[in-house]
Amino acid sequence: MLRDIDNYYLEKAEPVKGCLLFLRQHILNFDSNITEAWKYRMPFFCYKGRMFCYLWVHKKNGLPYLGIVEGGKIDHPDLIQEDRARMKIMLIDPYNDLPIGTVDKILEVAIKLYK
């Protein structure tokens, strides 16, 4: 029987599913202190046990995105705040190559906030 977190990814249609599954594995491999958790019915990633980032699909445009919990403290042109007080998101276009370099830079900066 699959866990809720696994079902979240597998229920998505392609190419969003493939994009999210790749990002999931990439984030988990990015740093050995990053772990996966199912919180608020969402796939979260924790850094040393603290909520760090999450993956979700934008309700208005259907694009997958990487949400950074402490994104409000990060100044990066690819992070948008919208109506969020604390978090910022990076929209991902699943029809194009994933911007892994940009994702890595944002993750690096975000991790520094937890050290």
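Okay, so let's go over this structure. (Residues numbered from 1 in each chain as written. Predicted model: local features only at pLDDT ≥ 70, side-chain atom pairs only at ≥ 80, totals over all residues. Heavy atoms only, no water.)

It is the contact of helix α2 (residues 16-30) with helix α3 (residues 100-112), at a shortest axis distance of 11 Å, that shows an interaxial angle of 45°. In terms of orientation, α2 and α3 fall into the oblique class. The handedness of the crossing between α2 and α3 comes out as right-handed. Each of F22, L23, H26, I27 and F30 in α2 lies in contact with α3, whose residues at this interface are I100, V103, D104, L107, E108 and I111. Per-class residue counts for the contact of α2 with α3 are eight nonpolar, one polar and two charged. (Axes fitted to C-alpha atoms, helices over the stretch in contact; angles between N-to-C directions. Helix = DSSP H or I, 4+ residues; strand = E, 2+ residues; numbered from the N terminus. Parallel < 35°, antiparallel > 145°, perpendicular 65-115°, else oblique. Left-handed = near helix turned anticlockwise from the far one by under 90°. Contact = heavy atoms within 4.5 Å. Nonpolar A, V, L, I, M, F, W, Y, C, P; charged D, E, K, R; others polar.)

Now for the pairing of strand β4 (residues 64-68). Among the five residues of β4, five are classified as buried, and the element is accordingly described as predominantly covered. Neither face of β4 is left uncovered, since the one carrying P64, L66 and I68 and the one carrying Y65 and G67 both have all their residues buried. Sheet topology note: the strand β3 (residues 50-57)/β4 ladder contains five bridges and is antiparallel. Bridge pairing links W56 to Y65 in β4. The hairpin formed by β3 and β4 contains six residues between the paired strands, and G62 there has a positive phi angle of roughly 75°. Bridge count between β4 and strand β5 (residues 88-91): four bridges; the pairing is antiparallel. Residue pairing in the sheet places L66 in a bridge with M90 of β5. (Buried < 20%, exposed > 50% of the residue type's maximum accessible area, 1.4 Å probe, protein only. Pairing = 2+ DSSP bridges.)

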